[in-house]
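Each chain is listed here by its residues.
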2 protein chains.
Amino acid sequence: MPVNADLVAERRGAHVNSEEFAAFWNGGKKDLEEKRWRENYFLRDGYEEKFTVPDSYLSHKELYERMVDRMTHRFQKFRELKASGRYEMPDFYESCRYMVESEVVDAHCPFTTHLSMFVTTFLGQGTPEQQNKWLEEAANCNILGTYAQTELGHGTFVRGIQTTATYDPRTKEFLLDTPCLEAFKFWPGGMGLTANYAVVIAQLYTKGKCHGVQSFVVQLRDENTHKPLPGVTVGEIGPKLGMNSTNQGFLGLKNVRIPRENMLMKNAQVLEDGTFVQAPVSVLTYGTMVYVRVIILETAAINLAKAATIATRYSAVRRQSPIDPNEKEPQIMDHVTQQYKLFPQIAKSVIFKTSSKSLNNIYRKLLQEIETGNYDNLADLHALSCCLKAIMTKESVAGIEVCRLACGGHGYLQCSGFPQIYGTTTAAETYEGEHVILLLQTARYLMKAVKNPNLSASVAYLKNFPTLSTVARWDSSVPGIIESFEAVAASKIRLAADSVNQRLRDGMKAGQANNASSIELVAAADAHCRAFILRSAQESLEQTIKSVSPALGNVLRDLLELYAVDAAQRALGDLFRFTTLSEYDVKQLQKRLEAVLSRLRPNAVAIVDGFDFPDEALKSALGAYDGNVYERIFEDAKKSPLNQEPVNSSFHKYLKPFMRGAQSKL
Amino acid sequence: MPVNADLVAERRGAHVNSEEFAAFWNGGKKDLEEKRWRENYFLRDGYEEKFTVPDSYLSHKELYERMVDRMTHRFQKFRELKASGRYEMPDFYESCRYMVESEVVDAHCPFTTHLSMFVTTFLGQGTPEQQNKWLEEAANCNILGTYAQTELGHGTFVRGIQTTATYDPRTKEFLLDTPCLEAFKFWPGGMGLTANYAVVIAQLYTKGKCHGVQSFVVQLRDENTHKPLPGVTVGEIGPKLGMNSTNQGFLGLKNVRIPRENMLMKNAQVLEDGTFVQAPVSVLTYGTMVYVRVIILETAAINLAKAATIATRYSAVRRQSPIDPNEKEPQIMDHVTQQYKLFPQIAKSVIFKTSSKSLNNIYRKLLQEIETGNYDNLADLHALSCCLKAIMTKESVAGIEVCRLACGGHGYLQCSGFPQIYGTTTAAETYEGEHVILLLQTARYLMKAVKNPNLSASVAYLKNFPTLSTVARWDSSVPGIIESFEAVAASKIRLAADSVNQRLRDGMKAGQANNASSIELVAAADAHCRAFILRSAQESLEQTIKSVSPALGNVLRDLLELYAVDAAQRALGDLFRFTTLSEYDVKQLQKRLEAVLSRLRPNAVAIVDGFDFPDEALKSALGAYDGNVYERIFEDAKKSPLNQEPVNSSFHKYLKPFMRGAQSKL
């Protein structure tokens, strides 16, 4: 099919070169080429042709079965690729990211948890002997594992989980037991049907005493028959809002015995006689959490960029509602309200990806510091990763929904791609730490920082606003807006601290005081996060701009400006409270908003082209590169199993007798 | 199963009587009893027992087939009920609402569009002869119809639709034709597989001239065989984010001939010789639109109340994370941040239902006025219905998502009920008028009102703020907050008008000027709407409070206070701009927020009990009346077809060969 004429014109008329943008977005020309090679290798081998009915028509069971087919095929290709030596995989972590970023595996893959959690847990918590025993097999996928922490009754509060592991010194074994329904493991990815091993988190009991949660390797299914082992009750938890083929599972253990060596003992240990040896420092778990969050943030930004790509291309193709009567129907992207829906999402994608890169850089630097025994910046990084995860996943989901709704009814179709993107991204709002819980963790750190602003770079701005009465001078430049956001954050942090302190003085216990002030604590962490996102993105983009063409530089500046102005408009109340912002300034912001939208208009399609998602990754009838929107929607509908017969059986069985039987009026 | 002990305690400790609340919410004691009788009759007859696998596990095709089974059964019972004479159905509209409100049919029902659009169109646009011919058959469900307006290429802009109906005076027939792919009808509910008739909206051509869109009755399928008639291409459009068994369809017509009498001619007419006779006034279509919107608003409020019920009960049962270390894990509803998620949604449900009742009252009054030939208030009502539909559906969806996320991972399960509620409610954000389009329609009316504030009661507040410089005195009482919101609305309306006028003076055409100012126009309509919601809800609730017990009165006042304070906190920027709000006032708002949350805490469960949703309507493992959350989640999972065999076939086919074949490291 030829490319839609409006899209051709958009691409011809853009000032920015989408190839240059793509190189920027994908970390350089070389990485971009490699990515494209990879996508071609994995996604364009013709294997998908066997799946004539689109996934969205399948039953829960059929979808799982197809996904095992699809993913074993892709992983086999990955093995072959590795064996060929074409691509050097520096380490396991990189290997994971390679798979995730190339759209080869995603949150729907039944083995994602195996890769992201099971194998990494061995890396982080296994002794060298344990790594020897299991890591190679696991990395080879000779065994498939999962990470079983969350229970039916406990998610957030890990210390409350109820599965027990009781050491029996006579047999040198642990007895794993699920004491009640609430203690059933629930939610581990791949546990339902795919995994035959699990790292099980349980309360360790030895010598009659509980030593808190520890990790245990438990075989769930026979390696040959795949049947659950004695004492193991395992199954899948049923359909969800998304990620259905992930086959999250439940697990009950009835006095299942495992050898002592199956407790992961890099940190804490149980000796043969049952003596418990405490872990020295538990900082490394923090490290893994941050690593997982970096991936979550990147994925959220990528998913938002996908949604923005679909909605932007659709808005270039779709024509509707003349602006002046008797004029031709314009591309809907010419309606300013449509620009106001789309372009902030494009900007957010870029800002979020940039900020998540910043977090990754801080993380990499920290890993080096940790190697030299310097843990100073760990708490700061952890606090940052908490609030960034909370805010960026939430904002990405909100942006994805804006994009979906911007496509009207067609955005509601499964073939638009939006429901999938939304389902996956909103899951990330919950897993690995719920929004408010994470912000409260950041707030806890900020309550320390407010007493000691020298703690770290990320809270240094507190020094610029030493008291609540320090009102920032409003300055409408982007750096000025950033400073204002820091003023807002500093003030909200101080307000929250004052609230907590007042309640402590009134005689509340610490927990009660924090609970009573928690709305303000959350607001403080939120403001801190937004200031960081803007500052880190601006610093990083300013660096980038130095080495790119003026056209790309302008676009990046426009995106930053749009993000900043939009953020300011949404925070007017805060800015009035803590800066000298005036009514005149508010009006200026509105003018700037309108101006930057109109500057971005001619570049919008070129920018989303520069996100460089292949059609196979977008999986969207609305967002394909060629813009044949209506043809693709129609094509998808024609594949419906319900459309393969002129009259559905339910007509004869139910409908006709009903229609004929009516004698009394409705 | 016994009722969860925490829920028992909540119910015992509440100050408000949930039975009294239920009578308030359901329009009085008598209506409540009737509703319960109806729910019992329709939903507890044991018919559902044949469906052993929950709906969410089914394929797209299976779900449709089950829904036809289920819904023909329910409609047959409705016939029997009518025949028994037990319940007097005052008119067809009431009959529709009876079915919708009793949860007997919902948006997922394949015949909803038949009821809500096909039959009502005959009522609104058919001549007496046409009503004679079709209405009884339709109301009897002897024929099932749909309303085919939207096309693949046109939704919002009805004048742009491309299907043609060309009159042939020789045969006295219309030729209906789909000239291109974009002109395919797309989205009509029930059209895919269920309906055998449709009202088709098409461009009327007669005597070589186009007379714009008119409505035509077209038979799609043979009444006996249900096979598509010659020239008719019909099918279903495939899976969506929700409402899948609605079987929305596509329709192409290839020179399909229908008799002249099949054009609905209550308004415009085509005479036998092809002469076109213009409709006198087209106000009545407005009326139907308002009627449909009243139902949409009510449904949105009900859906939000459902979500709030589920999340509130779950939050009373779920225990997690001690507030002070070493304390018992509290009900998560004792975390203030959780209250801040839930209670505003409860308040919003009540406010929205109350406001939608106000709209309905205005509508009823207007119908009487129209009968006396008085159309004065029609434009105002239409403008109100536009913005209310836009804002209330959006806010309801946002609230539903807050409730889902407040239930953590378990909220993501299909068996939580949230995905269904969300899918249905977000559809209402788009159908019957997209958010921004509707707000721009309201804005158009407001731009007239600002020149003539005597237009109607809903814009009378403009007179209190005659110029932009009239700043309202902040007064923190609820009536004071309402006045402030009116000040905000008045100012934003004036600002938008100024922007448009400035652009007109600068030489822009009207459409261009409106487009360039559209962000401000939308903001003005949004503010107008929020002021109306608050004012109408407050007036109505104050009336209610006079006739209820002091305990219920207090709760209703608390809900109104919470809604108002929450709304004020979210609009701080606006309030700073257009009222005398100070930093002190902002701090007071925070204190009031915390106080009202804590006052509502003991009543939360009793209030949602008072929404009186039977378990069969909530369809939620998390929200059932008895609070056996974990048991029900587990029960649902055990029903998964994937859990009926110990090892899935995909293990032998794909997984085992893959796991065995691994020789090169991942």
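First, a word on what this report is: a plain description of the structure on this page. Throughout, a residue's number is its position along its own chain's written sequence, starting from 1. Each chain takes a letter, starting from A, and each ligand takes a number, starting from 1, following the order in which they are written. Per-residue local features are limited, in this predicted model, to residues with pLDDT of at least 70; the limit for side-chain atom pairs, both in listing and counting, is 80 or more; totals at the level of whole chains, interfaces and linings are taken over all residues. Just so you know, side-chain values use all the structure's heavy atoms and leave hydrogens and water out.

## Focus on helix H18 (residues 583-600) of chain A
Alright, step 1. Its 18 residues give H18 of chain A an end-to-end C-alpha distance of 26 Å, which sits within 8% of 26 Å, the value for a rise of 1.5 Å per residue.
Alright, step 2. Every buried residue belonging to H18 of chain A is among Asp-585, Val-586, Leu-589, Gln-590, Arg-592, Leu-593, Glu-594, Val-596, Leu-597 and Leu-600 of chain A, and all of these are buried. Strands here mean DSSP runs of E at least two residues long; helices mean DSSP runs of H or I at least four residues long; both are numbered from the N terminus. Expected span of a helix, by definition, is 1.5 Å for each gap between consecutive residues, and there is one gap fewer than residues. For the exposure calls, accessible area comes from a 1.4 Å probe over protein chains only, and a residue counts as buried if that area is under 20% of its type's maximum, exposed if over 50%, partly exposed in between.

## Focus on the interface of chain B and chain A
Alright, step 1. Counting from both sides, the interface comprises 147 residues of chain B and, opposite them, 148 residues of chain A.
Alright, step 2. Summed over both partners, the accessible area lost on bringing two parts together, with a 1.4 Å probe, is the buried area. When chain B packs against chain A, the two sides together hide about 12,700 Å² of surface, and 63% of this comes from carbon and sulfur.
Alright, step 3. Just to be clear on terms, a salt bridge is a Lys or Arg side-chain nitrogen sitting within 4 Å of an Asp or Glu carboxyl oxygen. For the pair chain B and chain A, the interface holds ten salt bridges.
Alright, step 4. Salt-bridge contacts for Lys-509 of chain B lead to Glu-327 of chain A; the nearest nitrogen and oxygen are separated by 2.9 Å.
Alright, step 5. We call two N or O atoms a polar contact when they sit within 3.5 Å, provided that within protein one can donate a hydrogen and the other can accept it, with sequence-adjacent residues counted only if both atoms are side-chain atoms. Where chain B touches chain A, the interface holds 72 residue pairs in polar contact (both at pLDDT 80 or more).
Alright, step 6. For the side of chain B that touches chain A, the element with the most residues is helix H4 (residues 60-84) of chain B, which contributes 14 residues. In this description, contact between two residues means that some pair of their heavy atoms is separated by no more than 4.5 Å.

## Description of the packing of helix H2 (residues 18-25) of chain B against helix H19 (residues 604-611) of chain B
Residue and element names in this part refer to chain B.
Alright, step 1. At a closest axis distance of 7 Å, the pairing of H2 and H19 adopts a crossing angle of 45 degrees. Considering their axes alone, H2 and H19 lie oblique with respect to each other. Handedness of the crossing formed by H2 with H19: right-handed. Contacts from Ser-18, Phe-21, Ala-22 and Trp-25 in H2 reach Ala-606, Ile-607, Asp-609, Gly-610 and Phe-611 in H19.
Alright, step 2. Of the residues assigned to the contact of H2 with H19, the class counts are six nonpolar, two polar and one charged. Axis angles are defined between N-to-C directions and span 0 to 180 degrees, where every axis is a line fitted to C-alpha atoms and, for a helix, only to the segment in contact. Here roughly perpendicular refers to angles of 65 to 115 degrees, roughly parallel to angles under 35, roughly antiparallel to angles over 145, and oblique to all remaining angles. Handedness of a crossing is defined here by the sense of rotation of the near helix relative to the far one, left-handed for an anticlockwise turn of less than a right angle and right-handed for a clockwise turn. As a working rule, the residues Ala, Val, Leu, Ile, Met, Phe, Trp, Tyr, Cys and Pro are called nonpolar, Asp, Glu, Lys and Arg charged, and the rest polar, with Gly in that last group.

## Focus on the pairing of strand E5 (residues 197-206) of chain A
Residue and element names in this part refer to chain A.
Alright, step 1. Burial of E5 is extensive: nine of the ten residues sit out of reach of the surface.
Alright, step 2. At least two DSSP bridges between two strands are needed for those strands to be called paired. Two elements, strand E1 (residues 145-148) and E5, share four bridges in a ladder whose sense is parallel. Directly across from Gly-145, in E5, lies its bridge partner Tyr-197.
Alright, step 3. As paired strands, E5 and strand E6 (residues 209-219) are joined by nine bridges and run antiparallel to one another. When the sheet's bridge partners are listed, Ile-201 is paired in E6 with Ser-215.
Alright, step 4. In this structure, the hairpin formed by E5 and E6 is closed by a connection of two residues, where Lys-207 is found at a positive phi of approximately 50 degrees.

## A few points about the environment of Tyr-630 of chain A
Alright, step 1. Within the secondary structure, Tyr-630 of chain A sits in helix H21 (residues 629-638).
Alright, step 2. Measuring from C-alpha to C-alpha, the distance between Tyr-630 of chain A and Val-317 of chain A comes to 9.7 Å, with 313 residues separating the pair along the chain.
Alright, step 3. In this structure, Tyr-630 of chain A is in contact with Arg-318 and His-410 of chain A together with Leu-152, Gly-153, Leu-181 and Glu-182 of chain B, ignoring residues within four places of it in sequence.

## Some thoughts on the pattern of salt bridges
Residue and element names in this part refer to chain A.
Alright, step 1. On inspection of all chains with the given rule, the structure shows 80 salt bridges over all chains.
Alright, step 2. Linking Glu-401 and Arg-404 is a salt bridge whose minimum nitrogen-to-oxygen distance equals 2.9 Å. Of this pair, Glu-401 and Arg-404 both sit in helix H10 (residues 378-406), three residues apart, which is roughly one turn of the helix.
Alright, step 3. Through salt bridges that share partners, Glu-19, Lys-35, Arg-36, Glu-39 and Asp-612 make up one connected network.

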